[in-house]
Amino acid sequence: MRPGGRTARVRAAVLEATQDELVEHGFHGLTMDQVAARAGVGKTTVYRRWGSTPGLVADLMTELANQSSPHADTGGIESDLRVNALAVVEALNDGRLGATFQAVIAAATCDEQASLALRTFYLRRIEEWTSVVDLAVARGELPVGTDGGEVIRAIAAPLYYRLMITREPVTAEAAEWSVARTLAAARAGAFVTGALVTGGAPG
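A short tour of the structure in this document, coming up.

### Section: the overall build of the protein chain
Looking only at helices and strands, the protein chain has nine helices and zero strands in total. In the protein chain, the succession of α and β elements from N to C terminus is α-α-α-α-α-α-α-α-α. Reported as C-alpha extents along the three principal axes, the dimensions of the protein chain are approximately 65 × 40 × 30 Å. For the protein chain, the proportion of its 203 residues judged to be buried stands at 44%.

As structure tokens, then:
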């Protein structure tokens, strides 16, 4: 089957239908039959290729990861992290994408396959952005040994807390605060590997 042929078109239609169903009905309202009907493909095709609704969710998250923008390279760590934080805000406030993330996060609390799909998605995004921290270390902007993955997690964590826990607006101002606080901690050595174990950042 050539790339872009019928197989690719079927997958695209099914994943779009899966996302539509997640947005409208949530994970627990997602059914293979409804996805097949919405995508205009046979139920046997959907069952044979994806097997289950968690299988659909896993493939959808893979596709969303593939579509995600690459990391920024502005030449400075503060502006790089700001791009990251504002991209998270934009995604979470997007009516379709934000609702998808909320549905999958909710599903991950009770379904192991959904949990794995979510974890895989975010680990890919963290890995993609870790390089901006590594570059900042190489430029002397951050201490040697700074854990880039932990810095990126710290940027996003307050934003997801607002979305999923306190249900507060996820704003650009919140993103700016997250960047400022995380960067201050990173510059002080809080994210240097082993800093907490050894009793603090190197002096």
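### Looking at the packing of helix α2 (residues 32-39) against helix α3 (residues 43-50)
Put simply, α2 and α3 touch, their axes get as near as 8 Å, and they point 120° apart. When the axis of α2 is compared with that of α3, the two are oblique. For the pair α2 and α3, the crossing hand works out as right-handed. Residues M32, D33 and A36 of α2 lie in contact with α3, whose contacting residues are K43, V46, Y47 and W50.

### Considerations on the pattern of salt bridges
With the rule as written, the count across this model stands at twelve salt bridges. Here R38 makes a salt bridge to E24, at a shortest N to O gap of 2.6 Å. Here E24 lies in helix α1 (residues 6-25) and R38 lies in helix α2, a separation of 14 residues in the sequence. Judged by relative accessible area, E24 falls into the partly exposed class, the value being 49%. A single salt-bridge network, built from bridges that share partners, covers D20, E21, E24, R38 and R96.

### Remarks on the packing of helix α5 (residues 77-93) against helix α7 (residues 112-139)
Relative to each other, α5 and α7 sit at 170°, their axes nearing to 10 Å. Of the possible angle classes, the one that applies to α5 and α7 is roughly antiparallel. Between α5 and α7, the residues in contact are I77, D80, L81, V83 and N84 and W129, V132, V133, A136 and R139, respectively. Among the residues making up the contact of α5 with α7, the classes are represented as seven nonpolar, one polar and two charged.

### Overview of the nonpolar core
Formed by 60 residues in total, the largest nonpolar core has its most connected members in V14, M61 and L81. Tallying contributions element by element places α7 first for this core, with eleven residues. The residues touching V14, leaving out its near neighbours within four places in the chain, are V35, A39, V41, V46, W50 and L56.

### Here we look at the side chain of E21
The residue E21 is located in helix α1 in this model. The contact partners of E21, leaving out residues within four places of it in the chain, are G26, G29, L30, Q34, V35 and R38.

The rules behind each value
Residues numbered from 1 in each chain as written. Predicted model: local features only at pLDDT ≥ 70, side-chain atom pairs only at ≥ 80, totals over all residues. Heavy atoms only, no water. Helix = DSSP H or I, 4+ residues; strand = E, 2+ residues; numbered from the N terminus. Buried < 20%, exposed > 50% of the residue type's maximum accessible area, 1.4 Å probe, protein only. Axes fitted to C-alpha atoms, helices over the stretch in contact; angles between N-to-C directions. Parallel < 35°, antiparallel > 145°, perpendicular 65-115°, else oblique. Left-handed = near helix turned anticlockwise from the far one by under 90°. Contact = heavy atoms within 4.5 Å. Salt bridge = Lys/Arg side-chain N within 4 Å of Asp/Glu carboxyl O. Nonpolar A, V, L, I, M, F, W, Y, C, P; charged D, E, K, R; others polar. Core = buried A, V, L, I, M, F, W, Y, C linked by side-chain atoms within 4.5 Å.

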